[in-house]
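# Structure at a glance
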Amino acid sequence: MRIGIGYDVHRLVEGRKLILGGVEIPFEKGLLGHSDADVLLHAITDALLGALALGDIGKHFPDTDGKLLHIDSRILLRKAYSLVKEKGYKLQNVDTVICAQKPKLQEYLIKMRTNIASDLEAEIEQISVKATTEERLGISGSEAGMTAYATVLLIKI
């Protein structure tokens, strides 16, 4: 078994789509980044890579690579998972939390879980996505940005 933890943060700005877990969420701001800035998928990607000591998302998908500009983070997640499989592991489960003061995310969580399960060749029951506010504290609480945390458990095939 291998355990990995991931974390990501992106600033909220006007003029960008808000994408979380591969789901476009109606909101007046989106997350700023080289890719689609999906903090949830970036945190999971980092957790997968970290579980096998393969580095981080920036090592594998650098923001200096023009081919990755505005890329769908689901593509990055699937590429990271292919590395996991190459090393002889598969996902046992993933547990995540998104920190966002606004918008409310509850109605989108099932679709996020479905996307992640599909990308990680897993059942939806293996994927946990939770959302919380930071009670108006910190990066997400001040509505300056959003953060996400992920923990994965991988098992040897």
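To be clear, the structure that these remarks concern was listed above.
Presented here is an overview of the structure given in this document. (Residues numbered from 1 in each chain as written. Predicted model: local features only at pLDDT ≥ 70, side-chain atom pairs only at ≥ 80, totals over all residues. Heavy atoms only, no water.)

Here the focus is the overall build of the chain. From N to C terminus, the chain includes five helices and seven strands. Mapped in sequence order, the helices and strands of the chain form the string β-β-β-β-α-α-α-β-α-β-α-β. Relative to the globule expectation of 15 Å for 157 residues, the C-alpha radius of gyration of the chain, 15 Å, shows essentially globular dimensions. With the principal axes as the frame, the chain shows a C-alpha extent of 45 × 35 × 25 Å. Across the 157 residues in the chain, those meeting the buried criterion constitute 48%. Carbon and sulfur atoms provide 52% of the accessible area of the chain, an area that totals close to 7900 Å². Distance from the positive charge centre (20 side chains) to the negative charge centre (21 side chains) of the chain: 4 Å. (Helix = DSSP H or I, 4+ residues; strand = E, 2+ residues; numbered from the N terminus. Rg over C-alpha atoms; globule rule 2.2 N^0.38 Å. Buried < 20%, exposed > 50% of the residue type's maximum accessible area, 1.4 Å probe, protein only. Areas by Shrake-Rupley, 256 points an atom, 1.4 Å probe, with all protein chains shown as cover. Lys, Arg positive; Asp, Glu negative; His and termini not counted. Charge placed at Lys NZ, Arg CZ, Asp CG, Glu CD.)

Turning next to the side chain of histidine 10. Within the secondary structure, histidine 10 sits in strand β1 (residues 2-13). Given the relative accessible area of 14%, histidine 10 is considered buried. In terms of polar contacts, histidine 10 uses its side chain to reach the side chain of aspartate 8, at 2.9 Å. Of note is the side chain of histidine 10, whose polar atom sits 2.7 Å from the backbone oxygen of leucine 32. (Polar contact = N/O pair within 3.5 Å; in protein donor to acceptor, adjacent residues only side chain to side chain.)

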